[in-house]
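The primary structure of each chain is shown beneath.
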Amino acid sequence: MKRIKKLSPINELNIMDIDVVRVWFDDWNIFIKTNTNEVRGHLLSWFPRLQMASKSSLENFTLSPFGIHWVELDEDLSFGGFF
């Protein structure tokens, strides 16, 4: 499992150190939660494909060491973009 390490003073983050344990949505946002209980989110309006998708399409994603992928929607979000 990948881990989030403490950010350096210049806020460098190694994307391989992020371990996302949960992804979820509300009507306006996508959220991720890490194994250290840190929660981050983005507005779905930043991602038109996600914003227009059905709930079942949104929930049909896969996780990789780098991010979230929706094959059906042809959309990818990197974990690093949440930090």
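Here is a short report on the structure shown in this document. No experiment lies behind these values; they were computed from the predicted model shown.

As a further point, take the nonpolar core. The biggest cluster of nonpolar side chains holds 17 residues, and the ones touching the most others in it are Ile30, Leu50, Ile68 and Trp70. Mapped by element, the contributors of at least two residues to this core are strand E1 (20-25), strand E2 (29-34) and strand E5 (67-70). Ranked by residue count, the leading element in this core is E1, at three residues. Not counting chain neighbours up to four residues away, the residues in contact with Ile68 comprise Val23, Ile30, Ile32, Phe61, Thr62, Leu63, Glu75, Asp76, Leu77, Phe79 and Phe82.

This part is about the sheet that holds strand E3 (residues 39-43). Pairing between the strands of a sheet is mediated by backbone hydrogen bonds and can be parallel or antiparallel. Read across the open sheet, the three strands follow the order E1-E2-E3; overall the sheet is antiparallel. Sheet topology places E1 and E3 at the edges, where each strand pairs with a single neighbour. Put simply, the sheet's adjacent strands are angled 20° from each other on average, direction ignored. Looking at chain direction, E2 and E3 are connected through five bridges and run antiparallel. Following the sheet pairing, Ile32 is matched in E3 by Arg40.

By the definition in use, this model includes three salt bridges. Note that Glu38 is salt-bridged to Arg40, the shortest N-O span being 2.7 Å. The class of Arg40 is partly exposed, set by a relative accessible area of 27%. Ionic pairing is found between Asp74 and Arg49, a salt bridge with its closest N-O pair at 3.8 Å. Here the residue Asp74 occupies a position in the loop between E5 and strand E6 (75-78), and Arg49 occupies one in helix H1 (residues 48-52), the gap between them amounting to 25 residues. The exposure class of Arg49 is partly exposed, given its relative accessible area of 44%.

Turning next to the sheet that holds E5. Sheet architecture is open: three strands sit in the order E4-E5-E6, paired in antiparallel fashion. Each of the sheet's edge strands pairs with one partner strand only, and the pair in question is strand E4 (62-63) and E6. Two elements, E4 and E5, share two bridges in a ladder whose sense is antiparallel. Bridging from a neighbouring strand, Thr62 pairs with His69 of E5.

The rules we used
- Position labels on residues start from 1 in each chain and follow its written sequence.
- Given that this is a predicted model, residues contribute local features only at a pLDDT of at least 70 and side-chain atom pairs are listed and counted only at 80 or more, while totals for whole chains, interfaces and linings are drawn from all residues.
- Excluding hydrogens and water, the side-chain figures rest on all heavy atoms present in the structure.
- Buried residues of nine kinds, namely Ala, Val, Leu, Ile, Met, Phe, Trp, Tyr and Cys, make up a nonpolar core once their side-chain atoms join them within 4.5 Å.
- Summary of the burial criterion: residues with accessible area below 20% of their type's maximum are buried, those above 50% are exposed, and those between are partly exposed, where the area comes from a 1.4 Å probe applied to protein chains only.
- Numbering of helices and strands runs from the N terminus, with a helix taken as a DSSP run of H or I at least four residues long and a strand as a DSSP run of E at least two residues long.
- The contact criterion used throughout is that any non-hydrogen atoms of two residues lie within 4.5 Å.
- One bridge is not enough; two strands pair if DSSP finds at least two bridges between them.
- Every axis corresponds to a line fitted to the C-alpha atoms, with the helix fit spanning only the stretch in contact, and the corresponding angles, defined between N-to-C directions, vary from 0 to 180 degrees.
- By salt bridge we mean one thing: a side-chain nitrogen of Lys or Arg within 4 Å of a carboxyl oxygen of Asp or Glu.

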